[in-house]
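Understanding the architecture of this molecule
The primary structure of each chain is shown beneath.
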Amino acid sequence: VLAEFPRTSSLWVLLASLASLGAYLFVWTFARARCLNKHSLKPISRFWVVLGAALYLAGFVQAYRISNAILTQAVISASAADALVAQLVSMMFIMIGLLMGGLVCLIFWLFIFRARWHTLLGVSQATAGRKWGLWAQDPRFLDNSLLFCFHVFYLNYKMNRIRAL
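Residues numbered from 1 in each chain as written. Predicted model: local features only at pLDDT ≥ 70, side-chain atom pairs only at ≥ 80, totals over all residues. Heavy atoms only, no water.

**Quick word on the environment of Ser 45**
Locating Ser 45 in the fold gives a position in the loop between α2 (23-39) and α3 (47-72). Ser 45 gets classed as partly exposed once you look at its relative accessible area, which sits at 41%. C-alpha of Ser 45 to C-alpha of Trp 109: the two residues are 64 residues apart in sequence and 8.9 Å apart in space. For Ser 45, the side chain forms a polar contact with the main-chain nitrogen of Phe 47, separated by 3.0 Å. (Helix = DSSP H or I, 4+ residues; strand = E, 2+ residues; numbered from the N terminus. Buried < 20%, exposed > 50% of the residue type's maximum accessible area, 1.4 Å probe, protein only. Polar contact = N/O pair within 3.5 Å; in protein donor to acceptor, adjacent residues only side chain to side chain.)

**Here we look at the nonpolar core**
Ranked by size, the top nonpolar core spans 38 residues in total, and within it Phe 5, Phe 113, Trp 117 and Leu 155 carry the most contacts. Contributing elements (two or more residues each) for this core: α1 (10-19), α2, α3, α4 (78-121) and α5 (144-164). In terms of residue count, the dominant contributor to this core is α4 (twelve residues). If sequence neighbours within four positions are ignored, Trp 117 has contacts with Leu 2, Phe 5, Leu 36, Arg 140, Leu 142, Met 159 and Ile 162. (Core = buried A, V, L, I, M, F, W, Y, C linked by side-chain atoms within 4.5 Å. Contact = heavy atoms within 4.5 Å.)

**Considering α1**
Within the sequence span of α1, burial applies to Val 13, Ala 16 and Ser 17. Down the axis of α1, the buried side of the element spans an arc of 100°, and every buried residue falls inside it. Facing away from the buried surface of α1 by more than 90 degrees, the exposed residues are Leu 11, Leu 18 and Ala 19. Against the buried residues of α1 lie α2 and α5. Regarding α1, its N-cap is Ser 9, as a side-chain oxygen of that residue lies 3.2 Å from the backbone nitrogen of Leu 11 further along. Count one or two residues on from α1 and you reach Leu 21, which has phi positive near 55°. (Arc of directions from axis to C-beta.)

Written out as structure tokens, the structure reads:
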């Protein structure tokens, strides 16, 4: 099963994510979902990945609109400046909301992936041999808090680690 998952260096995932301003996270997620869905009895819907990517993309479109508004209104009168500032603040809140919505969808998808991953590999909280702290004895176990904090990077690391065993 693990042989079908593409092996990717965690450093590459980090660099590609930074270079693409986070868009690579959705590409990585979509590719892993296809591999997992081939073997899962309950496939993960593409809805969350597509919705997350669409919201994230809409956030960047909004960022472009903000920069365009700033550049086109560079020389304005003092009375119009207040209206422009109000408009830019409003647009920035929309942009932040769209980008955060995309990331929330991505994190939601990761926890669905975690559940399917544990089912596929036969891992549970009880069988992981979990002690106090974050580290489980079973390397196939995906920790909630680490998955939330480091999402795709942690998942990529665990997939590579399991494959190396």
